[in-house]
Amino acid sequence: MRALLALVFLLLAFPAAAIDNLEQLADPAQEARARTLFKEVRCVVCQNQSIDDSEAGIARDLRIIIREQIEEGRSNGEILSFLTARYGDYVLLEPPFRLSTLLLWVSPLLLLLAGGSLAWVAVKRRPQLAAPAPLSAEEQARLNALMGRERE
């Protein structure tokens, strides 16, 4: 039963592998370069996923475009410039540091500072607990009596 199940999963995986093999570049160095670029480019229809991880049609098209441009001899910078000219900075998983993307880069620091400030204020405003008043002689005697009974 397990062997049959494994065979079914293998047969289901072959069509996906065959499509990717047809897209791959003949030169292994160029293909490795393409794979590196795939990890830097965002699928424009997926939720924060690289085109290397995405199975969307547009991700496949972007992989083909990148491979074609590598075959044409373009550099990584030229390919990324081409993609950003076409799709904007959103296509990059790590957008460049510019005035228009400043909020993206600074917002984690601002959130950390705001959270730290709120925690500091909360600690400072917390009411200080006063030391308890010492027990009276009567209370101390009662406590001793209770403690003596628990030990027995």
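Heads up: the structure comes first, above all this text.
Values in this document were obtained by computation on a predicted structure and should not be read as measured data.

## Description of the side chain of R63
Step number 1: Here R63 is to be found in helix α3 (residues 57-71).
Step number 2: Looking at R63, the relative accessible area reads 8%, which means it is buried.

## As for the nonpolar core
Nonpolar side chains tend to gather and get buried jointly when the protein is soluble and globular.
Step number 1: L37, V41, I51, I66, I70, I79 and L83 are the most contacted members of the largest nonpolar core, which has 18 residues in total.
Step number 2: Looking at this core, the elements that each hand over two or more residues are α2 (28-38), α3 and α4 (76-87).
Step number 3: When residues of this core are assigned to their parent elements, the largest contribution, five residues, is made by α3.

## A short note on the pattern of salt bridges
Between side chains of opposite charge, a pair can form when the charged atoms approach closely.
Step number 1: Applying the stated criterion to the full structure yields four salt bridges.
Step number 2: Put simply, R67 and E31 hold a salt bridge, and the shortest N to O gap is 2.7 Å. Highlighted residues: R67 in helix α3 and E31 in helix α2, separated in sequence by 36 residues.
Step number 3: Among the residues examined, R67 registers a relative accessible area of 3% and is labelled buried.
Step number 4: Residue classification places E31 among the buried positions, given a relative accessible area of 7%.
Step number 5: We note a salt bridge from R35 to D52, for which the minimum N-O separation is 3.0 Å. Taken together, the residues R35 in helix α2 and D52 in the loop between α2 and α3 connect sequence positions 17 residues apart.
Step number 6: On the accessibility criterion, D52 (21% relative accessible area) is partly exposed.
Step number 7: Among the ionic contacts, a cluster of salt bridges with common partners joins E31, R35, D52 and R67.

Cut-off values and rules
- Residues numbered from 1 in each chain as written.
- Predicted model: local features only at pLDDT ≥ 70, side-chain atom pairs only at ≥ 80, totals over all residues.
- Heavy atoms only, no water.
- Helix = DSSP H or I, 4+ residues; strand = E, 2+ residues; numbered from the N terminus.
- Buried < 20%, exposed > 50% of the residue type's maximum accessible area, 1.4 Å probe, protein only.
- Core = buried A, V, L, I, M, F, W, Y, C linked by side-chain atoms within 4.5 Å.
- Salt bridge = Lys/Arg side-chain N within 4 Å of Asp/Glu carboxyl O.

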